[in-house]
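The residues making up each chain are set out below.
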Amino acid sequence: MSFRFWLTAFLLLISSRPAGAIPWRWSNPLPHGNNVADLVFNSTWGYVQVTDFGQIYTSSDLTSWQRTDTGSRQALRSVVFKGSRLVIVGEAGLVIWSDTPGTFSTVRIGTTNWLEAVAVSSSQLVAVGDNASIYISSDATTWTKTTPGVSDWLYGVAFGGNGSGLWVAVGENGRILTSTDLVKWTSRSSGTTASLNRVLWTGSGFIAVGDAGTVLFGNAAGTVWQAQSNVGATGDLFTISAASAAIRLAGGNKELRSNAVGLLGSSVWANELATTKTAPAPAGTYLASTWDGTNFVAAGRTGLLVTGSHLTGTTFDWSLYSSPTRNWIFDLTTATTYGTNVSASLVGNTVRYAANQTTNTFYAGAGDFATLVTSDNGVAWTTALSPQSATNEIFFGITANSRGMLAVGSHGVLAFSPVAYAPLLSTNTWTNTTPATTAVITNQVNVMGIAWYTVASGTTNQLQGACATESLYLVAGDRGTLLTSPDGTNWTRRVTGVTNYLSGLTSWPGGFAAVGDAGAILTSVDGIAWSNHSVGGTNWISRVRWTGDRLVATGENGSLLTSTNGITWTSRLTGTTQWINDVVRIGSTWYATGTGGVVLTSLDTVTWTVDGTLITGKSLYAAAALNGQLIVAGVEGAILRAQVDDFPKPVSFVQWPGSADSHVFVLTGAPDQTFQLRRSEDLNTWIPGAPLEITDASGTLLLFDSSTNNAAGQFFQTVSPP
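Residues numbered from 1 in each chain as written. Predicted model: local features only at pLDDT ≥ 70, side-chain atom pairs only at ≥ 80, totals over all residues. Heavy atoms only, no water.

Caption draft 1: Fine view of the pattern of salt bridges. Across all of its chains, the model carries 20 salt bridges by this definition. Note that D672 and R25 form a salt bridge whose closest N and O atoms lie 3.6 Å from each other. Pair noted here: D672 is in the loop between β61 (664-668) and β62 (674-680) and R25 is in strand β2 (residues 25-28), with a separation of 647 residues, a long-range link. Owing to a relative accessible area of 24%, R25 belongs among the partly exposed residues under this scheme. The residue E272 makes a salt bridge to K277 at a minimum N-O spacing of 3.2 Å. We note that E272, like K277, is buried. (Salt bridge = Lys/Arg side-chain N within 4 Å of Asp/Glu carboxyl O. Helix = DSSP H or I, 4+ residues; strand = E, 2+ residues; numbered from the N terminus. Buried < 20%, exposed > 50% of the residue type's maximum accessible area, 1.4 Å probe, protein only.)

Caption draft 2: Geometry of the pairing of strand β41 (residues 463-468). Here β41 lies mainly inside the structure; six of its six residues are buried. Note that β41 and strand β42 (residues 473-477) share five bridges and pair antiparallel. Bridge pairing links A468 to Y473 in β42. Taking the residues that link successive antiparallel strands as the turn, the β41-β42 hairpin has four residues. (Pairing = 2+ DSSP bridges.)

Caption draft 3: Quick peek at the nonpolar core. Judged by nonpolar contacts, the single largest core of 27 residues is most densely connected at W24, Y591, L630, V632, L640 and V644. Listed by contribution, the elements that provide at least two residues to this core are β3 (36-42), β28 (295-300), β53 (580-586), β57 (620-626), β58 (629-634) and β59 (639-643). W24 has contacts with R67, V599, D611, T613, L614, I615, L630, V632, L640, R641 and A642, leaving out every residue within four places of it along the chain. The next biggest cluster of nonpolar side chains, apart from the first, holds 17 residues, and it includes A364, M405, V413 and A415. (Core = buried A, V, L, I, M, F, W, Y, C linked by side-chain atoms within 4.5 Å. Contact = heavy atoms within 4.5 Å.)

Caption draft 4: Region of interest: the sheet that holds strand β60 (residues 652-655). The strand order β60-β61-β64 describes an open sheet built from three strands, whose pairing is antiparallel. Bordering the open sheet on either side are β60 and β64 (700-704), each of which pairs with just one other strand. Direction aside, neighbouring strands of the sheet carry axes that sit 30° apart on average. Where β60 lies against β61, three bridges are found, and the strand directions are antiparallel. Residue pairing in the sheet places S652 in a bridge with T668 of β61. (Axes fitted to C-alpha atoms, helices over the stretch in contact; angles between N-to-C directions.)

Caption draft 5: Region of the structure containing the side chain of S619. Here S619 is to be found in the loop between β56 (609-610) and β57. A relative accessible area of 16% means that S619 is categorised as buried. At 3.0 Å, the side chain of S619 forms a polar contact with the backbone nitrogen of G596. (Polar contact = N/O pair within 3.5 Å; in protein donor to acceptor, adjacent residues only side chain to side chain.)

Caption draft 6: Seen up close, the sheet that holds strand β11 (residues 115-120). The strand order across the open sheet formed by four strands is β11-β12-β13-β14, and the pairing between neighbours is antiparallel. Every other strand in the sheet has two partners, leaving β11 and β14 (144-146) as the edge strands with one partner each. When the angles between neighbouring strand axes are averaged without regard to direction, this sheet yields 25°. In this structure, strand β13 (residues 133-137) lies alongside β14, joined through three bridges in antiparallel fashion. Considered in β14, the bridge of I134 is made with T146.

Caption draft 7: Inspection of the packing of aromatic side chains at higher detail. The final tally for this structure, using the stated rule, is 23 aromatic pairs. Aromatic pair F206 and W225: ring centres 6.2 Å apart, planes at 35°, arrangement tilted. Of this pair, F206 sits in strand β20 (residues 206-210) while W225 sits in strand β22 (residues 225-227); the two residues are 19 residues apart in sequence, bridging distant segments of the chain. A single burial state applies to F206 and to W225, both of which are buried. Ring centres of F296 and F316 lie 5.7 Å apart, and the angle between their planes is 45°; on these two criteria the pair is classed as tilted. In this pair, F296 is assigned in strand β28 and F316 in strand β30 (residues 316-320), connecting sequence segments 20 residues apart. Across the pair, exposure class does not vary: F296 and F316 are buried alike. Each member of the aromatic cluster is reached from another via a ring pair, and the members are W291, F296, F316 and W318. Directly above the ring of W97 sits R85, whose terminal nitrogen or CZ lies 3.9 Å from the centroid. (Phe/Tyr/Trp six-rings, centres within 6.5 Å; stacked < 30°, edge-to-face > 60°. Lys NZ or Arg CZ within 6 Å of the ring centre and 35° of its normal.)

Now the structure itself:
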């Protein structure tokens, strides 16, 4: 029998990411925060969502979703299957098709018109869109335009009807067009001027849904359309799907309505959002829906995703498959807390204790409805319990030092979370002694960022700017308000000499800087006496940060100014007119975030480049960084992360195969860390494995590798991608 030994080889860390690419990932909402414009299901692909910013998400179970970056940042609007081929249409004539999950081809059909919807028959694809655009294709690769003789924008299309087959297109101003040959299109009377957003063939008739809760039933010939007066919807409807001719689902702006019996006027519609239901669907904006053979699946704005199981009659039970936290986040900060870690071991019959101080550096964010969130790694976020008295307030700013964390907001609200320790008990029991030996361990857990209470600010003016040094807290806000406190509890108002809204504050080696509307810039050596260095103009300078060797101020209309002394400021060209809301430095690169999802990068704060890799267009109000990781946050709870600098450590082995029939590896690293597992028998020839990624927030990966382990000896290494 041969002797086998197993050895972990050197761990090679080459680089954290390809040059020029920022690997953006969603942290909140989950599974993602893109707006789902349409979704489909089949047994091969599973569920497919198409969203804004060219993002496609697929899943086999509605829980784990795989993102596919199409390379385009244009909006995707509609998706169908033509046989086994997936076909997607979208912004500016974009068509994407695929025969294999993960491999996509792009077609440009030569128009700037958006293609809002696509439908399929056994032989044809039809896409409709802006300016009465109608395009026809047999395979999604070549498209031909047809002219319907109207100019209304078209939002929906369906195929069905009588034996000869009927195409129905719907759009703005209640427009309905029908055609049997895709050449001649006939306008039909809809009886409404409301825009119609989608149309569906149910097997025995058509249903069109539109603005202001409009639902129309059409006969199989598409000639007679009848408004449904008993739907009960008042919000705009954007999607319609069917389980059968008798079971349908309509969704829209805070609307989800099911229809379980009848056609052409005899329907009964149920409100699936009704709180009287046993398991209602959450209120939200539903943009897409489908029937998967068992359940309705509905999705929409900011990644909203629910399933409805049909029980009996008109009853559905709804389950939420996405993170419900969608409160806006206006500011981010980082903080460090300290605690104790006590361990116990048994030496003979004696319990030996050892203690050491623990250090935890984490992110914290603040937002509307008194939202307070924290994260140790930027991946998993926890919502803290805000003070009851601040529940209806909006937190615009947050800051911290080693003594406490402070959130500020509307109506002069201040919430403080001081350093405080709570005992955490654990028990170790050793059964190899008689009687069993038990040790009770008491750890001290720091609750800063977890336990909050409100303190009196002495003002009802809105507060937004916040910063702290080890000896002083500062907040600023409307009407030139500026307050200081040595302890976060007792506050003194300071004279600024201005009435501007002061929305940004920072500390720096020269003291403090404050910025605000109409180009306001103030500085102070001690936080008490302030000098005016305003640059004037109409642009609001909303935030200022110290970035290691210079002050950077950002604001309205792409404004960005830099200073090394707080007195002389230089305006920089950013190449955008979006409002720039925050800036952070990681290594030798500055990152700025703004409205419309804009992210700018610079190596010197002089020349700025718009990042083209962001996967959302949602406005971003805050940025923060730890350990080379960039976090941005903003509208509807959007939190995205990217590792833009090298990971601090390579992926390490905890366990590896130790025998021929063993195949299990346990590896540790950082969340989002990608690598390749390689093996060798002689340290010269290395056999590469598949690309791997640590997805768990704990930084642990359990890997079953079926590769044969019958060599006399093997070496293993982890290699990060170049």
